[in-house]
Amino acid sequence: MKPLILKAVIVSFILLFGAALGTYYWLDRQVQQPINLPTSTLFEVREGQYAHSVLNRLKEAGIIEQSLPLKILIKFKPALAAVKTGIYEISPGLTGVDVLSLLSSGKEKQFTISLVEGLQWKEWQAQLKSHPRLSLSPLFDERVQEMQSSTQGQSLEGWLLPETYHFTHGTQASEIVKRANTAMQAYLAQAWENRAVDLPYDNAYEALIMASIIEKETGAADERPRISGVFVNRLRLNMRLQTDPTVIYGMGGNFDGNIRRKDLRTPTAYNTYVIKGLPPTPIAMPSKLAIDAAMHPLETDELYFVSMGNGRHQFSHTLAEHNLAVREYQLKK
């Protein structure tokens, strides 16, 4: 090759290499530039969307300043083009390539629903059905019925574990019910295996019923085992439990906020002033603490307790002591 031609080739190569290197550094600076986002925002990759259309939407939303550098980047890194359907949380400080990595990772935004102890199934059901991020299938009631038919008591009352559940947008509400039911079954089985000896329950379901009553009687964690001890003592002596929350549950929609003497005398399957032993099903969703209390009651000879009006209770050994406490904390009102 002639020296002049060789020189021209070398110069051309150097220029091309320099241009390529310059383009590379320019591209790297562009895709590594932090996005202009003051607070976290949610972004949805819709069904059937491709990376180019997603990048255009990101630019239109003001999340990224330029889409071209990222469109060039996915030519060299095609894995970043495989954006996945879902809702993602884009945070300040991310770069353009970070955003693409997130959208192609499938790590969708996790939403939560807190199912609170002490509430009834009907209250949980309303909360699940109204959550804006959960999907409500027309088959929801059918799936719930299937779960109910396979549980002891033929009801989901008491059978769902109070927790905060995480899920992605569009998760079926029935899936949360299933997870809560599975979690409760697992926790109840473990608690039953580790229960105290000589409890007056024939099976774990009866302990679950007791736990729901304990849950409704007190919100004070330290009182739960003591209340459990009172109820266990009464069961052992074949005394009626005489607990107001069961009466209220049995009244259903007729409860107006007050319990009257006639209510205590009106027979229902749940009126423990009338029936002996436990009601047929739980009356609410019990927490882990309430289940633990039912399985490990405090050893005591107390048989009575009454609310002091401050969230706690006065406990008594005899009926005479209890009557004095009732006059002190209830009748004087």
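Quick caveat, the model's predicted, so the values are computed rather than measured.

Chemist: How should the nonpolar core be read in this particular structure?
Modeler: The tendency in soluble globular proteins is for nonpolar side chains to be buried as a group. Ranked by size, the top nonpolar core spans 55 residues in total, and within it W121, L128, Y201 and I291 carry the most contacts. By size, the runner-up hydrophobic cluster in this structure holds 22 residues, among which are I63, L70, L73 and L102.

Chemist: I'm lost on helix α9 (residues 224-236) in this one. Help?
Modeler: Note that an α-helix has 3.6 residues per turn; residues three or four places apart therefore point the same way. Between its first and last C-alpha, α9 extends 18 Å over 13 residues, near the 18 Å set by a 1.5 Å rise per residue. With 10 of its 13 residues buried, α9 lies for the most part within the structure. For α9, every residue scored as buried is listed here: R224, I227, S228, G229, V230, F231, V232, N233, R234 and L235. Check the buried side of α9 and you find it contacts α8 (204-217), α12 (288-295), β5 (304-307) and β6 (313-316).

Chemist: Just checking my understanding: could you explain the packing of helix α5 (residues 121-130) against helix α6 (residues 140-149) for this structure?
Modeler: Helix-helix packing is described using two parameters, namely the angle between the two axes and the distance between the axes. At their nearest, the axes of α5 and α6 sit 13 Å apart, and the two run at 145 degrees to each other. As α5 runs across α6, the sense of the crossing is right-handed. Here W121, Q125 and K129 of α5 come into contact with α6, specifically with F140, D141, V144 and Q148. Its residues assigned to classes, the contact of α5 with α6 comprises 3 nonpolar, 2 polar and 2 charged.

Chemist: Explain the pairing of β5 to me, please; I cannot follow it from the model alone.
Modeler: Working note: regular strand, side chains alternate between the two faces of the sheet. Pairing analysis gives 4 bridges linking β5 to β6, with the strands arranged antiparallel. Paired with Y304 across the bridge in β6 is S316. Taken together, β5 and the strand that follows it, β6, pair antiparallel across an intervening segment of 5 residues, in which G309 is found at a positive phi of about 85 degrees.

Chemist: Just to check I follow, could you spell out the pairing of strand β2 (residues 86-90) for this structure?
Modeler: Along β2, 4 of the 5 residues are buried, which leaves the element largely enclosed by surrounding structure. Pairing of strand β1 (residues 41-45) with β2, which is carried by 5 bridges, proceeds in the antiparallel orientation. Each residue of the ladder has a partner; that of V45, found in β2, is G86.

Chemist: I'm lost on the packing of aromatic side chains in this one. Help?
Modeler: Two measures describe an aromatic ring pair: the distance that separates the ring centres and the angle between the ring planes. Enumeration according to the criterion identifies 5 aromatic pairs in this entry. Ring geometry for F111 and F167: centres 6.4 Å apart, planes at 35 degrees, overall tilted. Residue F111 is found in strand β3 (residues 110-114), and its partner F167 is found in strand β4 (residues 164-168); the two are separated by 56 residues along the sequence. Judged by its relative accessible area of 2%, F167 is buried. Among the aromatic residues, those joined into a cluster by ring pairs are F231, F305 and F315. Over the aromatic face of W192 sits the side chain of R195, whose NZ or CZ is 3.7 Å from the ring centroid.

Chemist: Even after reading the chapter, I still don't get unusual backbone geometry, so can you show me in this structure?
Modeler: With the exception of glycine, the majority of residues adopt a negative phi angle, and the majority of peptide bonds are in the trans configuration. You will see that D198, though not glycine, has its phi angle at about 60 degrees, which is positive. Locating D198 in the fold gives a position in the loop between α7 (173-193) and α8. Phi angles above zero are rare outside glycine, and N238 is one such case at about 60 degrees. Following the sequence through the fold, N238 ends up in the loop between α9 and α10 (244-251).

Chemist: I'm lost on the packing of helix α2 (residues 51-60) against helix α3 (residues 68-76) in this one. Help?
Modeler: Here α2 crosses α3 at 155 degrees, and the two axes come no closer than 10 Å. With respect to α3, the element α2 is oriented roughly antiparallel. In this structure, α2 crosses over α3, and the sense of that crossing is right-handed. Mapping the contact onto sequence places A51, H52, L55 and N56 in α2 and L70, K71 and I74 in α3. Taken together, the residues that form the contact of α2 with α3 break down as 4 nonpolar, 2 polar and 1 charged.

Chemist: It is not clear to me how the side chain of H313 should be interpreted in this structure. Could you clarify?
Modeler: Here H313 lies in strand β6. Under the relative-accessibility criterion, H313 is labelled buried at 11%. Polar side-chain contacts of H313 include one of 3.3 Å to the backbone oxygen of E217. If we ignore the near neighbours within four places in the chain, the residues touching H313 are E217, T218, E223, I227, F305, V306, S307 and M308.

Chemist: Any chance you could explain the pattern of salt bridges here in plain terms?
Modeler: Think of it this way: side chains of opposite charge can pair up when their charged atoms draw near. Throughout the structure, instances matching the rule amount to 9 salt bridges. Between K129 and D141 there is a salt bridge, with the nearest N and O atoms lying 3.6 Å from each other. With K129 in helix α5 and D141 in helix α6, the pair connects residues that are 12 residues apart, well separated along the chain. A salt bridge links D222 to R312; the nearest nitrogen and oxygen atoms lie 2.6 Å apart. Of this pair, D222 sits in the loop between α8 and α9 while R312 sits in the loop between β5 and β6, placing them 90 residues apart in sequence. Given a relative accessible area of 32%, R312 falls into the partly exposed group.

Chemist: What is the right way to read the confidence of the model for the protein chain from this model?
Modeler: When pLDDT is low, close inspection of the predicted coordinates is not appropriate. Summarising the model, the protein chain shows a mean pLDDT of 89, and 90% of its residues fall at 70 or more. Averaged pLDDT values for the elements of the protein chain fall to 52 in helix α1 (residues 3-31) and rise to 98 in α12. Low pLDDT, under 50, characterises residues 17-24; the predicted model gives this stretch 0 contacts beyond four residues in sequence or across chains.

Conventions adopted
Residues numbered from 1 in each chain as written. Predicted model: local features only at pLDDT ≥ 70, side-chain atom pairs only at ≥ 80, totals over all residues. Heavy atoms only, no water. Core = buried A, V, L, I, M, F, W, Y, C linked by side-chain atoms within 4.5 Å. Buried < 20%, exposed > 50% of the residue type's maximum accessible area, 1.4 Å probe, protein only. Helix = DSSP H or I, 4+ residues; strand = E, 2+ residues; numbered from the N terminus. Expected span 1.5 Å × (residues − 1). Contact = heavy atoms within 4.5 Å. Axes fitted to C-alpha atoms, helices over the stretch in contact; angles between N-to-C directions. Left-handed = near helix turned anticlockwise from the far one by under 90°. Nonpolar A, V, L, I, M, F, W, Y, C, P; charged D, E, K, R; others polar. Pairing = 2+ DSSP bridges. Phe/Tyr/Trp six-rings, centres within 6.5 Å; stacked < 30°, edge-to-face > 60°. Lys NZ or Arg CZ within 6 Å of the ring centre and 35° of its normal. Parallel < 35°, antiparallel > 145°, perpendicular 65-115°, else oblique. Polar contact = N/O pair within 3.5 Å; in protein donor to acceptor, adjacent residues only side chain to side chain. Salt bridge = Lys/Arg side-chain N within 4 Å of Asp/Glu carboxyl O. pLDDT = per-residue confidence, 0-100.

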